[in-house]
Amino acid sequence: MTFTVPIKTVSALNVREHWAVRARRVKSERQSVYVMALAERLVNRTPNGCRLAVTLPVTVTLTRISHRRLDAHDNLRAACKGVADEITALLGLKTDADERVEWRYRQSSEGKGVYGVRVTVESRGT
């Protein structure tokens, strides 16, 4: 399953912002992921909330879309942290360090002024 979240991500490691501003930004990013997953009908409602309709283990690829590239070692991951945290929650997991999830990070440029994060979740057969 693939869907794109139309948000402009920033590297949390390089931006200087008040903790409350950062918290609002991350909350907005997470809400955007949730809303897009619902809009694309990629979630199932369960007694414990909404969950992505996939079977673990999975590979999650987060592709940051922006005309400017980030350092792939740490800044790219930091920019996608809010998105990764919401995907983790939608998978029904407590931590993004769960060994049933393999995280991959990519970057793409689709022109100046085009921003977002493309989320691809693929089941890995056991």
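Reading the values: the criteria
- Residues numbered from 1 in each chain as written.
- Predicted model: local features only at pLDDT ≥ 70, side-chain atom pairs only at ≥ 80, totals over all residues.
- Heavy atoms only, no water.
- Helix = DSSP H or I, 4+ residues; strand = E, 2+ residues; numbered from the N terminus.
- Buried < 20%, exposed > 50% of the residue type's maximum accessible area, 1.4 Å probe, protein only.
- Contact = heavy atoms within 4.5 Å.
- Pairing = 2+ DSSP bridges.
- Axes fitted to C-alpha atoms, helices over the stretch in contact; angles between N-to-C directions.
- Salt bridge = Lys/Arg side-chain N within 4 Å of Asp/Glu carboxyl O.
- Expected span 1.5 Å × (residues − 1).

Caption draft 1: Examining the overall build of the chain more closely. Regarding its fold elements, the chain presents three helices and six strands. Put simply, the chain runs from its N terminus to its C terminus through helices and strands in the order β-α-β-β-β-α-α-β-β. Each principal axis of the C-alpha distribution contributes one length, and for the chain these read about 40 × 30 × 25 Å. Counting over 126 residues, the chain shows a buried share of 40%. Contacts in the chain between residues at least 24 apart in sequence constitute 78% of all its contacts with a sequence separation of at least 6.

Caption draft 2: Structural context of the sheet that holds strand S6 (residues 116-123). The four strands are arranged S1-S6-S4-S5 in an open sheet whose pairing can be described as mixed. On the outer flanks of this sheet lie strand S1 (2-5) and strand S5 (101-108), each paired with one strand and no other. With direction set aside, neighbouring strand axes in the sheet form an average angle of 20 degrees. Relative to S6, strand S4 (residues 58-65) runs antiparallel, the two sharing eight bridges. Note on S6: the bridge partner recorded for Leu-62 is Val-119. Contacting S1, S4, S5 and S6, helix H3 (residues 81-90) crosses the sheet at an angle of about 145 degrees to S5.

Caption draft 3: Spotlight on the environment of Ser-11. Tracing the sequence through the fold places Ser-11 in the loop between S1 and helix H1 (19-39). The sequence separation of Ser-11 and Leu-70 amounts to 59 residues, and the corresponding C-alpha distance is 7.9 Å.

Caption draft 4: Representation of the pattern of salt bridges in the model. Throughout the structure, instances matching the rule amount to ten salt bridges. Linking Arg-22 and Glu-17 is a salt bridge whose minimum nitrogen-to-oxygen distance equals 3.3 Å. Take Arg-22: its relative accessible area is 30%, and that puts it in the partly exposed class. For Glu-17, a relative accessible area of 24% puts it in the partly exposed group. Between Arg-118 and Glu-110 there is a salt bridge, and its shortest N-O distance comes to 2.4 Å. For Glu-110, a relative accessible area of 42% gives the class partly exposed. A cluster of three or more residues bridged by salt bridges with shared partners is formed by Glu-17, Arg-22, Arg-25 and Glu-29.

Caption draft 5: Broad picture of H1. Over its 21 residues, H1 runs 30 Å from end to end, which matches the ideal 30 Å to within 8%, given 1.5 Å per residue. For H1, the set of buried residues is Ala-20, Arg-25, Glu-29, Val-33 and Ala-37. The inward-facing, buried residues of H1 abut S1, strand S2 (43-46), strand S3 (49-52), helix H2 (75-79) and H3. At the exit of H1 stands Arg-41, carrying a positive phi of roughly 55 degrees.

These figures come from the coordinates and say nothing about function on their own.
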